[in-house]
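# Structural characterization, general
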Amino acid sequence: MDQDTYDKGLAIRTAVLGEEYVRQAAGNVDAFSKPLQDLVTEYCWGAVWGRDGLELKTRSMLNLAMIAVLNRPTELRTHIRGAITNGVTREEICEIFLQVGIYAGIPAAVDSFRLARAVFAELDQAPDATDG
């Protein structure tokens with residue numbers, strides 16, 4: 001493992017997903033899942049998200065579309081929150097999921113809209129709610 005890339009990834013992952021999320025993910029690590037968490041932190045967050053070629057907001061927008069198409073609701077929930085942290089607005093999220101509907105199918109868009117509305121409701125009830 002490249003420690004510098006891992007550290008960069010951990011910093012980006014924490015900035016996008018929040019300290020609580022990263023702390024909880026680290027708390028669920030065991031001998032079996034540690035290699036996966038290390039891989040995600042180093043390569044996903046450090047080596048790719050840490051590149052200069054795209055802004056974090058753009059990466060978040062791409063992730064929303066790809067994860068919606070892959071039908072991964074747990075990850076989509078996480079990345080909707082991260083996208084809002086990275087400055088993606090609710091209106092932009094709407095547009096992304098409309099695009100998903102056209103190119104990947106209406107069921108993918110319906111599920112994505114449903115999940116986004118649930119995340120927005122959670123965020124609106126949070127003490128530090130933002131309009132995103």
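In this text the structure is predicted, and so the values were computed from the model without any measurement.

## Notes on the overall build of the protein chain
- Looking only at helices and strands, one finds 7 helices and 0 strands in the protein chain.
- Shown N-terminal to C-terminal, the secondary structure of the protein chain runs as helices and strands in the order α-α-α-α-α-α-α.
- Its C-alpha atoms give the protein chain a radius of gyration of 15 Å, within 12% of the compact-globule value 14 Å for 132 residues.
- Across its three principal directions, the C-alpha atoms of the protein chain cover 40 × 35 × 30 Å.
- In the protein chain, of all internal contacts separated by at least 6 residues, the share reaching a separation of at least 24 is 67%.

## Some details on the packing of helix 6 (residues 90-104) against helix 7 (residues 106-125)
- Two numbers describe how helix 6 lies on helix 7: the axes approach to 7 Å, and their chain directions differ by 165°. As far as their axial angle goes, helix 7 and helix 6 are roughly antiparallel. Pair helix 6 / helix 7 crosses with right-handed handedness. Contacts from R90, I93, C94, F97, L98, V100, G101 and A104 of helix 6 reach helix 7 at I106, A108, A109, S112, F113, A116, F120, L123 and D124.
- The class makeup of the residues in the contact of helix 6 with helix 7 is 13 nonpolar, 2 polar and 2 charged.

Calculation rules
Residues numbered from 1 in each chain as written. Predicted model: local features only at pLDDT ≥ 70, side-chain atom pairs only at ≥ 80, totals over all residues. Heavy atoms only, no water. Helix = DSSP H or I, 4+ residues; strand = E, 2+ residues; numbered from the N terminus. Rg over C-alpha atoms; globule rule 2.2 N^0.38 Å. Contact = heavy atoms within 4.5 Å. Axes fitted to C-alpha atoms, helices over the stretch in contact; angles between N-to-C directions. Parallel < 35°, antiparallel > 145°, perpendicular 65-115°, else oblique. Left-handed = near helix turned anticlockwise from the far one by under 90°. Nonpolar A, V, L, I, M, F, W, Y, C, P; charged D, E, K, R; others polar.

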